[in-house]
Amino acid sequence: MHPARERVAAVFGRSQGSGYLLTPDLILTAAHVVADCDAPTVVVPGGVGRVRCRVVWARDDRRRCDVALLAAERDVVTEQALPDFEPLVWGRSYDLRVWPGAQAIGYPQVQRDGADGLDTEQIVGTLKPGSNLLSGRYALDSDHGAPAPPGDGGSPWAGMSGAAVFVDGALAGVVCADPAGWRHGRLTVTPSETLWQDFRFLQECLIAGHKPTSRSLASPRQLETEAFERRLRDYIVGKSGELTIIGLTLGDGEAETWPLDAAYLSLELTGASRDAEGGPLPSPRRAEEALAGHKRVLLRGAAGSGKTTLLQWLATITARGDLPPGLGHLSGCVPLTLPLRTLIRKGELPRPEDFLAAVAAPLAGLPAARGWVTRRLAEGTALLLIDGVDEVPEADRRRTLAWVKDLLAAYPEAHYVITTRPSAVREGWLADAGFAELELLPMSRADVLAFIERWHNAAGQREDERLRAFGESLSAAVVAKRDLGRLATNPLMCAMICALNRSRRGHLPHGRMELYRAALDLLLIRRDREREITVGLEGPELEQAQTALLQKIAYWLIRNGRSEIEWHKAVEILERALPAMPAVAARGSAEEILRHLVVRSGVLRQPTSGTLDFIHRTFQDYLGARAAVDDWDFDLLVNHAHDDQWEDVLRMAVGHAPPRARAELLAMLLERGDKEELHRHRLHLLAAACLEQAPEIAPDVRARVEHAAAELVPPRDVQAARALAGAGSAVLDLLPGPEGLPDEVAHAVVVTATMLGDDRAIPLLARYATHPSLRVRAQLAWAWDRFDTDHYADAVIGRLAYEDAGEGELEFVVKSDDHVDALLRLGGRPRVRVGGEVSDRWSVAERLLGRWRVTPPRRPATPAAAPPPPPAT
């Protein structure tokens, strides 16, 4: 029997009942025992006496569930009992097998001593999951007779409500009633499975410090399945638990990886979604908060924004069962990551029974794996992480959508997170299927500084004073140099900047194209040269030819709408290229040279024995764009410009091209937009975004592009706003004030201006500070750290209307001590959320301005308990 006597509680609320201690200060009982009692009390044998509690969660729907969670004011047990407080394991039944020897200990009224004091009774019986199937409760049939009924006709088991029921040491349910018609030989039980399906219950357990873990009440086959699942979870953690850190080499021959726990940085998400409480989500939230409570999420993010890394983090914490409170609804789930870039290459997208072969091929052939995926999907305990809709060729996206919708129709209870670049699919692509659409935002200044710190810690700055100095100077430069700050907007760019800063002793390149060029130079040539590494084929001929060879592979991938290439096809590409490179051909065969590129380039990798890909799609696009310009394939580029897979290729091709060719390419892009109304908006915006990569261009072409962009101002929605911001600060002069604009358009204008992060935008943004739309003002409040702190505080933050105007109260986000100081100077605000790096001075500010209400970690409101039925127990 699992429970020690110190964990069996008597509960005094609306009526007297029983309970069980999940932790020294968290008690499980029946909801009808406490009902509407404001301050129930709890006592355990050998404890500290009666302790007042509050109800943090309760659900009494008269049929399926009758359970409450109580949080005590202090520990209910003595300090001496704490070391023996072993973790609790929940038991979950997966079939209708009966369980003899089930036990429940409680405090029935009939078990009173001579002094009218309560004492315990231990009921032993058979737990029957197959009884009461329609009501969703189990039956516990006692092996012994019931006590005599009381004179008032009530239940002889009165007081047993809330007692925990154990089977083989696992908590299988909570006693809730003594049903009529069974001569008091049966009690009904709320099964633990019901509680595991309740997001708010799991969240409250996590917040209170109890991490629910479970095992099955199982047959030998189920035990075999559990052993398989433990192996699968360990495998998933091993595969997902490391991050690739671009430009960080730990030592000769070691992979550029770092434990996810040390390197992962939680970024901010936004979207026209709703939070776990059903309220609006107008301001950005950290990933764990924004994802809270959502079973279906479409996650958008630009190249390098961290979409795949976020899925790695979700897979790792779910497989470990180490979930933050907001993600309690994933407790008990097993994550399955499905990279579409790999799956689509094989032709037909996989059926559910083939998912294991894609996720954990070495385990897919085990006997327990047969039918496992479909069972998990059907019962809603699988988390499908479908990565990279944008890496599916445009022609295949319709069948990809059909594949996803087939899964949703067949397995509606499963959890889904799907990632894509913003332009790959239209807004609302899966809205009719109940997906919340969230988007990864560019990194804030606080995020960038945190990333720089983690990168340099991973590189060993604690032991290397010179490296620490490089990191400190880079942190200062990101804040002081606006051009550099605009480059450091996502984890990929930040990692490259960190690597180049270290390699070039603090002398960083200017502009995005120069940054990519320098990063490839570091990865392809300088890294090995400076470390004096020489291997096999290395020599000046191959060193100089690496880029050209990689360009050919990258361009083949782009032309074929692929992100992976089979090994033998890559060998054929090199075989066709080598006759024109006799000095390189003399170094070895095409296969030997390809193997050298994989081992030494740092750009090309081999995810499986038979396939190749680039370490990041951005490098593929950069190299492929250079090949397209070298081959003068402008018609091909422009003809594919409407396809999101070619969008970054076009931008980088403009950057690679010499001025005359650049002008020709942009003119062709505008001409196609003029001719094709269907794609005109997208093509003209793309031409405007390409100007950022065109420092030198014919004035008449620049004027034509800016004129085309002006016709797209103001932007109609957030997607158009972000595309317009890609054109650079030149669009600032085109953006209008708020007068006469619909709320959605006003929000899009503010998004464009805040994404630019240019202080010249502050006068325009100040005109929106009193806008009636909460969403507009929330964007202004969130974007504070993109601008000069004091200038923005005086012009925008100080003027933001924050009173309740029907939409809710505006929340101000402070991400630094400077923000705290500025708000102190402005007199404080009624609702403040802390983000970024704020020191202990924040607590001082909180005390100085007691009227501030600091937003705590989000937690659900405790639902009011339903009026209880006449208590049978």
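Only a predicted model underlies this, so the values are computations on that prediction, with no experimental measurement involved. (Residues numbered from 1 in each chain as written. Predicted model: local features only at pLDDT ≥ 70, side-chain atom pairs only at ≥ 80, totals over all residues. Heavy atoms only, no water.)

(A) Fine view of the overall build of the protein. On a plain count of helices and strands, the protein comes out with 33 helices and 29 strands. Looking at the protein as a whole, 58% of its 873 residues qualify as buried. Once local pairs closer than 6 in sequence are excluded, the contacts in the protein between residues at least 24 apart make up 67%. Only carbon and sulfur atoms are counted for the fraction: they give 50% of the accessible area of the protein, which is about 35,400 Å². (Helix = DSSP H or I, 4+ residues; strand = E, 2+ residues; numbered from the N terminus. Buried < 20%, exposed > 50% of the residue type's maximum accessible area, 1.4 Å probe, protein only. Contact = heavy atoms within 4.5 Å. Areas by Shrake-Rupley, 256 points an atom, 1.4 Å probe, with all protein chains shown as cover.)

(B) Structural view of the packing of aromatic side chains. Inspection of the entire model under this criterion finds 10 aromatic pairs. Taking the centre distance of 6.4 Å and the plane angle of 55 degrees together, the rings of Tyr 416 and Phe 435 count as tilted. In this pair, Tyr 416 sits in strand β22 (residues 415–420) while Phe 435 sits in the loop between β22 and β23 (436–440), placing the two residues 19 residues apart along the sequence. The residues Tyr 416 and Phe 435 share a single accessibility class, namely buried. Each residue in the set Trp 57, Trp 90 and Phe 201 is aromatic and connected to the rest through ring pairs, giving one cluster. (Phe/Tyr/Trp six-rings, centres within 6.5 Å; stacked < 30°, edge-to-face > 60°.)

(C) Quick look at the pattern of salt bridges. Taken as a whole, this structure holds 38 salt bridges when the rule is applied. Taking the shortest distance from any N to any O, the salt bridge between Glu 73 and Arg 52 comes out at 3.2 Å. Of the two residues, Glu 73 sits in the loop between β6 (66–72) and β7 (90–93) while Arg 52 sits in strand β5 (residues 51–60), which places them 21 residues apart along the sequence. Residue Glu 647 pairs with Arg 651 through a salt bridge whose shortest N-O separation is 3.3 Å. Here the residue Glu 647 and the residue Arg 651 both occupy positions in helix α23 (residues 647–656), the gap between them amounting to four residues, near one helical turn. Put simply, Arg 341, Asp 390, Glu 391, Arg 421, Arg 605, Asp 613, Arg 617, Asp 621 and Asp 648 are held in one network by salt bridges that share partners. (Salt bridge = Lys/Arg side-chain N within 4 Å of Asp/Glu carboxyl O.)

(D) Structural detail: the environment of Asp 674. Tracing the chain through its elements places Asp 674 in helix α24 (residues 659–675). With 34 residues separating them in the primary sequence, Asp 674 and Ala 708 have C-alpha atoms 9.4 Å apart. The contacts of Asp 674, once residues within four sequence positions are left out, are Arg 680 and His 684.

(E) Region of the structure containing the sheet that holds strand β26 (residues 611–614). Taken in spatial order, the three strands line up as β24-β26-β25 in an open sheet, and their pairing is antiparallel. The strands lining the two open edges of the sheet, one partner per strand, are β24 (565–566) and β25 (604–608). Relative to β26, β25 is paired through three bridges, and the arrangement is antiparallel. For Leu 604, the partnering residue across the bridge sits in β26 and is Phe 614. (Pairing = 2+ DSSP bridges.)

(F) Examining α24 more closely. Compared with the 24 Å implied by 1.5 Å per residue over 17 residues, the 25 Å span of α24 between its first and last C-alpha is a close match. Listed as buried for α24 are Ala 661, Arg 662, Ala 663, Leu 665, Leu 666, Ala 667, Met 668, Leu 669, Leu 670, Arg 672 and Gly 673. Buried-residue contacts for α24 involve α22 (634–639), α23, α25 (677–690) and α26 (699–710). (Expected span 1.5 Å × (residues − 1).)

(G) Representation of the side chain of Ser 266 within the structure. Looking at the element boundaries, Ser 266 is found in the loop between α5 (260–263) and β17 (268–270). Among the residues examined, Ser 266 registers a relative accessible area of 15% and is labelled buried. Here Glu 288 takes part through its side chain, which lies 2.7 Å from a polar atom of the side chain of Ser 266. Apart from the residues lying within four places of it in its own chain, the contact partners of Ser 266 are Arg 286, Ala 287, Glu 288 and Asp 447. (Polar contact = N/O pair within 3.5 Å; in protein donor to acceptor, adjacent residues only side chain to side chain.)

(H) Representation of unusual backbone geometry within the structure. With an omega of 0 degrees, the peptide bond running from Val 713 to Pro 714 counts as cis. Relative to the helices and strands, Pro 714 is located in the loop between α26 and α27 (718–725). The backbone of Asn 132 shows a phi angle near 65 degrees, a positive value even though the residue is not glycine. On the secondary structure map, Asn 132 appears in the loop between β9 (121–128) and β10 (138–142). Phi at Arg 183 is positive, roughly 55 degrees, even though this residue is not glycine. Its place among the elements puts Arg 183 in the loop between β12 (170–177) and β13 (186–191). Residue Arg 183 is classed as exposed on the basis of its relative accessible area, which comes to 80%.

(I) Layout of the sheet that holds strand β4 (residues 41–43). Taken in spatial order, the six strands close into a barrel running β1-β2-β3-β6-β5-β4, and their pairing is antiparallel. Pairs of neighbouring strands in the sheet enclose a mean axial angle of 40 degrees, with direction left out of account. Taken together, the seven bridges between β5 and β6 define a ladder with antiparallel strand orientation. When the bridges of β6 are listed, Arg 59 appears paired with Val 67. Helix α3 (residues 199–207) contacts β2 (16–23), β3 (26–29), β5 and β6 of the sheet and is inclined by roughly 155 degrees relative to β5. (Axes fitted to C-alpha atoms, helices over the stretch in contact; angles between N-to-C directions.)

(J) Structural detail: the confidence of the model for the protein. Here the protein shows a mean pLDDT of 84. Residues at 70 or above account for 88%. Scored below 50 in pLDDT, residues 526–537 makes 27 contacts in the model with residues more than four places away or belonging to other chains. (pLDDT = per-residue confidence, 0-100.)

(K) Summary view of helix α7 (residues 307–320). A rise of 1.5 Å per residue sets the reference length of α7, with its 14 residues, at 20 Å; its end C-alpha atoms lie 20 Å apart and thus fit the reference within 8%. With 11 of its 14 residues buried, α7 lies for the most part within the structure. Looking at α7, one finds that the buried residues are Lys 307, Leu 310, Leu 311, Gln 312, Trp 313, Leu 314, Ala 315, Thr 316, Ile 317, Thr 318 and Ala 319. After α7 finishes, the residue Gly 321 shows a positive phi value of roughly 80 degrees.

(L) Main features of the pairing of strand β1 (residues 8–12). Where burial is concerned, most of β1 is hidden: five out of the five residues are buried. Neither face of β1 is open: one carries Val 8, Ala 10 and Phe 12, the other Ala 9 and Val 11, and all of them are buried. Where β1 meets β2, five bridges bridge the pair, whose relative direction is antiparallel. When the sheet's bridge partners are listed, Ala 10 is paired in β2 with Ser 18. Taken together, β1 and the strand that follows it, β2, pair antiparallel across an intervening segment of three residues. Judged from the three bridges that link them, β1 and β4 form a sheet pairing that is antiparallel. Opposite Ala 10, over in β4, you have Val 43 as the bridge partner.

(M) The arrangement of the side chain of Ser 155 in detail. Assignment of secondary structure puts Ser 155 in the loop between β10 and β11 (164–167). Residue Ser 155 is classed as buried on the basis of its relative accessible area, which comes to 11%. At 2.6 Å, the side chain of Ser 155 forms a polar contact with the side chain of Asp 178.

(N) Up close: the pairing of strand β19 (residues 296–300). Counted residue by residue, β19 has five buried out of five residues, so it is predominantly covered. Taking every second residue as pointing to the same face, both faces of β19 are buried, with Arg 296, Leu 298 and Arg 300 on one and Val 297 and Leu 299 on the other. Two elements, β19 and β23, share four bridges in a ladder whose sense is parallel. Considered in β23, the bridge of Arg 300 is made with Glu 439.

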